Amino acid sequence: MARRRVIVVGGANTDIGGAPSRPLVRHDSNPGRVTIRHGGVGRNIACDLARLGLEVSFITAVGEDLLSAGVLESCMSCGVDVSLSRTVPGARGSVYLYMTDGRGEMDAAIADMDIVSALTPDYLRPLLGELNAADAVVLDGNLSEETIAFLCGCVTAPLYADPVSGAKALHFSAVLGRLAAIKPNLVEARALTGKETAEECAEALLGAGVGRAFISLGSAGLLSASGDERVLLPCEPAKVVNTTGAGDAATAAIVWAGVSGLDLADAALAAVRAGAITATSEETVSPELKAEALL
């Protein structure tokens, strides 16, 4: 049987991270360790999907600098096809700068991702044949509202969304009814729905036409909803090293479960386990992430 094919459209960047060796002290210099890795929500999801055994193409925008070359190489080394991506002449690559607290949780971040705006409807229109032939298409909130609206209006394959942030979640406000699934955290879900509790947010997302809603509750677990079914799972026990990328792995697991025909409960379990596996790794895409570990 041919492998399921998924196309991810979104951001790819170089992650520069700082981890203090003791509890973080704001407004001061903290001893610790600085790492440079490849990341970006779209890139991480694409690489995670490839590790889960799917055939993956990634459409992103990169510059002509060394950082961009490194990001593309990191995707190809995971088995991700990047031939549909756009190279912008003379542009610099995207950079994501973050700092964790003393426990491995992200404290703050700055995303310099203007280059993603090069993924315009005009660039993507000739690729609709490829997109519509896929078993699923994944969109991240780094895409512009115009591009998301274009793709949701033209792509016939099942659409999955990762909002990325509270502000960027609003890029999906007008197209919720086109989504097979969305995985916001509670901040993003509140921004999308205007509701307060996870349960209220889930009801509002389903009411807007989302097929499956998976709301990440941080240390409190994951609330999943579809139709009349609700599944609340706690986090998997894990020795947390770095949570950056854990949410992306959860999204990848949700997409993998969807194209594999799994029910809501199994999709939720896969998402929780994928997040836990990734949180125990120094890497944003864990080498330990495998389909057989999710169920």
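Just so it is clear, the model here is predicted, and its values are computed rather than measured.

Peer 1: Any chance you could break down the nonpolar core for me, citing the residues and the numbers?
Peer 2: Within the largest apolar cluster, 48 residues are counted, with the highest numbers of intra-cluster contacts made by Val6, Val8, Leu49, Val80, Trp256 and Leu294. Looking at this core, the elements that each hand over two or more residues are β1 (5-9), α1 (41-51), β4 (55-59), α2 (66-77), β9 (136-140), α9 (246-259) and α10 (264-279). The greatest single-element share of this core, amounting to 9 residues, is contributed by α9. With residues up to four places along the chain from it excluded, the contact list for Leu49 reads Val6, Val8, Leu54, Val56, Val138, Ala252, Val255 and Trp256. Within the second largest apolar cluster, 44 residues are counted, among which are Ala118, Leu119, Ile148 and Leu192.

Peer 1: Describe in detail unusual backbone geometry, supporting the description with residues and values.
Peer 2: Residues other than glycine seldom take positive phi values, yet His27 does so here, at roughly 60°. Note that His27 resides in the loop between β2 (13-20) and β3 (32-39). Overall, the relative accessible area of 84% leaves His27 in the exposed class. Look at Val164: it is not a glycine, yet its phi comes out positive at around 80°. Considering the arrangement of structural elements, one finds Val164 in the loop between β10 (159-162) and α6 (166-169).

Peer 1: An account of the packing of α9 against α10 is needed here, citing residue identities and associated values.
Peer 2: Axis separation between α9 and α10 bottoms out at 7 Å; the angle between their running directions is 150°. The element α9 and its partner α10 pack so that their crossing is right-handed. The segment α9 lies against α10, with Ala246, Ala249, Ala250, Ala253, Ile254, Trp256 and Ala257 engaging Ala267, Ala270, Ala271, Ala274, Gly275, Thr278 and Ala279. For the contact of α9 with α10, the class distribution of residues is 12 nonpolar, 2 polar and no charged.

Peer 1: An account of the pairing of strand β13 (residues 222-226) is requested, with residue identities and associated values reported.
Peer 2: Regular strands place their side chains on alternate faces of the sheet. When you tally the buried positions in β13, you get 4 out of 5 residues, the bulk of the element. When strand β12 (residues 212-216) meets β13, the two strands line up antiparallel, connected through 4 bridges. Bridge pairing links Phe214 to Ser224 in β13. The turn linking β12 back onto β13 is made up of 5 residues, and Gly218 within it adopts a positive phi angle of 65°. The sheet contact formed by β13 and strand β14 (residues 229-233) spans 5 bridges and is antiparallel. The residue of β14 that forms the bridge with Ser226 is Glu229. What sits between the antiparallel neighbours β13 and β14 is a turn of 2 residues, in which Gly227 has the positive phi angle 55°.

Rules used in this analysis
Residues numbered from 1 in each chain as written. Predicted model: local features only at pLDDT ≥ 70, side-chain atom pairs only at ≥ 80, totals over all residues. Heavy atoms only, no water. Core = buried A, V, L, I, M, F, W, Y, C linked by side-chain atoms within 4.5 Å. Buried < 20%, exposed > 50% of the residue type's maximum accessible area, 1.4 Å probe, protein only. Helix = DSSP H or I, 4+ residues; strand = E, 2+ residues; numbered from the N terminus. Contact = heavy atoms within 4.5 Å. Axes fitted to C-alpha atoms, helices over the stretch in contact; angles between N-to-C directions. Left-handed = near helix turned anticlockwise from the far one by under 90°. Nonpolar A, V, L, I, M, F, W, Y, C, P; charged D, E, K, R; others polar. Pairing = 2+ DSSP bridges.

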